[in-house]
Amino acid sequence: IQETAYYEDRVKAKAGGNAYCIGNGPSRKNFNLSKLTGTGQTYGCNALYRDFIPDFIFSVDARMTQKMVEDKVYEKCIHYAPSLEVNRYPKGGPPLLHLIPNNPHWISGNAAFWTAGVHGHKNIYLLGYDFREYGKGKLNNIYQDTSNYGPRNDDSIFDGWLKQFRDMIKMRPYVNYIVVHDDPPEYMNYLQTGTDLGNSKVINYAEFEKVLTPSKV
């Protein structure tokens, strides 16, 4: 019998409030991320730190991670990365970065909502998770045409990324996954595969604003 053993997460994070996972898809471009503070914990990835510092940030790409280390993002929030990157900074010394807990080896944005579940969150909101690019001449990523991103001209659904999300829904049926999107592509109506576990839905930003500012009784 082969068993998988994981290093203990040094962060020892505990869930507090909702989890807000911030992708870098264009669907979030008009939302003020500062509204997320105060009602939960924020999880982001890659170049997000240029505009907003989340509680936890993720990178799996070597060049992106190197730039983030140069900019000392690890001093501003918890920076999670795979073991290869953690062991690089610094070599032979106490690591500046943290291992992605129970690492599924997914893309950095999906590692964010994976880790939110590991931390114990039961309500996970996903902003800027489009799982696709929209074509040449369109905004396909908040940070396209910038360092470590370059041009983004594809026009296709990222089936692999979407499959990771669908797998996550099945792996943790006790967690609610809410995608926030004002103009959801058709495939977001079919996030569930097989038996519908009832733990995923799509809401618009007006509905999401009510989550952030619940009415007082």
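What you see is a predicted model; the values in this text were computed from it and never measured.

The next subject is the packing of helix α3 (residues 108-118) against helix α4 (residues 159-171). In contact at an axis separation of 10 Å, α3 and α4 are set at 10° when each is read in the N-to-C sense. Comparing their axes, α4 and α3 come out roughly parallel. Where α3 abuts α4, its residues N110, F113 and W114 lie against W161, Q164, F165, M168 and M171. Split into classes, the residues belonging to the contact of α3 with α4 amount to six nonpolar, two polar and no charged.

Time to look at the environment of I53. Secondary-structure assignment places I53 in the loop between β2 (40-45) and β3 (56-58). For I53 and T42, which are eleven residues apart along the polypeptide, the C-alpha to C-alpha distance reads 8.6 Å. Discounting chain neighbours no more than four positions away, the residues touching I53 are K76 and C77.

Counting residues in each nonpolar core, the largest one holds 29 residues, and the members touching the most others are F58, F113, I124 and F165. Going through the elements one at a time, β1 (18-22), β2, β3, α3, β6 (123-127), α4 and β7 (176-180) are the ones with two or more residues in this core. If you tally residues by element for this core, the top one is α3, at five residues. Setting aside residues no more than four positions away along its own chain, F58 makes contact with Y43, G44, C45, N46, Y80, I100, S108, A111, A112 and T115. Among the nonpolar cores identified, the runner-up in size contains 24 residues, and F31, I57, Y143 and I203 belong to it.

Moving on, we come to the pattern of salt bridges. This model, assessed by the stated rule, comprises six salt bridges. Its salt-bridge partner being K35, residue E209 comes within 2.9 Å of it at the nearest N-O pair. Of this pair, E209 sits in helix α5 (residues 205-212) while K35 is found in the loop between β1 and β2, placing the two residues 174 residues apart along the sequence. A relative accessible area of 38% means that K35 is categorised as partly exposed. One salt bridge in this structure joins R132 and D155, with 2.7 Å as the shortest N-O distance. On the criterion of sequence distance, the pair formed by R132 in the loop between β6 and α4 and D155 in the loop between β6 and α4 is long-range, its members being 23 residues apart. Given the relative accessible area of 18%, R132 is considered buried.

This part is about the environment of Y143. Looking at where Y143 falls in the secondary structure, it is placed in the loop between β6 and α4. Those residues within four positions of Y143 in sequence are excluded, and the remaining contacts are N24, R28, A47, L48, R50, D51 and Y149.

We now examine the sheet that holds strand β4 (residues 78-81). In spatial order, the strands read β5-β4-β3-β2-β1-β6-β7-β8; together these eight strands make up an open sheet with parallel pairing. With partners counted over all chains shown, the strands left at the sheet margins are β5 (98-99) and β8 (200-203), one partner each. Lying on the sheet, α3 is in contact with β1, β2, β3, β4 and β6; it crosses β2 at an angle near 155°.

A few words on the packing of aromatic side chains. The description of an aromatic ring pair rests on the distance of the ring centres and on the angle between the ring planes. Applying the stated criterion across every chain yields a total of 18 aromatic pairs. Note on Y125 and F208: the rings are 5.5 Å apart at their centroids and 45° apart in plane angle, and the pair reads as tilted. With Y125 in strand β6 and F208 in helix α5, this residue pair connects regions lying 83 residues apart in the sequence. On the basis of relative accessible area, F208 is assigned to the buried category, the value being 0%. Each ring, one from F165 and one from Y177, has its centre 5.9 Å from the other, and the planes form 85°; the classification is edge-to-face. Remark: Y177 occurs in strand β7 and F165 occurs in helix α4; sequence separation between them is twelve residues. Taking relative accessible area as the criterion, F165 reaches 0% and is therefore assigned buried.

What counts, and at which threshold
- Numbers given to residues run from 1 along each chain, matching the order in which its sequence is written.
- Totals for whole chains, interfaces and linings use all residues, but because this is a predicted model, local features are given only for residues with pLDDT of at least 70 and pairs of side-chain atoms are given and counted only at 80 or more.
- Only hydrogens and water are set aside; all other atoms, that is, all heavy atoms of the structure, feed into the side-chain values.
- Geometry is summarised by axes, namely lines fitted to C-alpha atoms with helices restricted to the contacting stretch, and by angles between N-to-C directions that run from 0 to 180 degrees.
- Strands are runs of DSSP state E lasting at least two residues, helices are runs of H or I lasting at least four, and both sets are numbered from the N terminus onward.
- Geometric relationships in this document are graded by angle, where less than 35 degrees denotes roughly parallel, more than 145 denotes roughly antiparallel, 65 to 115 denotes roughly perpendicular, and other angles denote oblique.
- Any two residues whose heavy atoms approach within 4.5 Å at even a single point are treated as in contact.
- Polar here means any residue outside two lists: the nonpolar Ala, Val, Leu, Ile, Met, Phe, Trp, Tyr, Cys and Pro, and the charged Asp, Glu, Lys and Arg; Gly therefore counts as polar.
- Here, the term nonpolar core denotes a set of buried Ala, Val, Leu, Ile, Met, Phe, Trp, Tyr and Cys residues that are joined through side-chain atoms within 4.5 Å.
- Three exposure classes are used, based on accessible area relative to the maximum for each residue type with a 1.4 Å probe and protein chains only: buried under 20%, partly exposed in between, and exposed over 50%.
- For this analysis, a salt bridge means a side-chain nitrogen from Lys or Arg found within 4 Å of a carboxyl oxygen belonging to Asp or Glu.
- Two strands pair under a simple rule: DSSP has to find at least two bridges between them.
- In summary, the pairing rule links any two rings of Phe, Tyr or Trp, Trp by its six-membered ring, whose centres are within 6.5 Å, and it sorts them by plane angle into stacked for under 30 degrees, edge-to-face for over 60 and tilted for everything else.

Geometry only, nothing functional implied.
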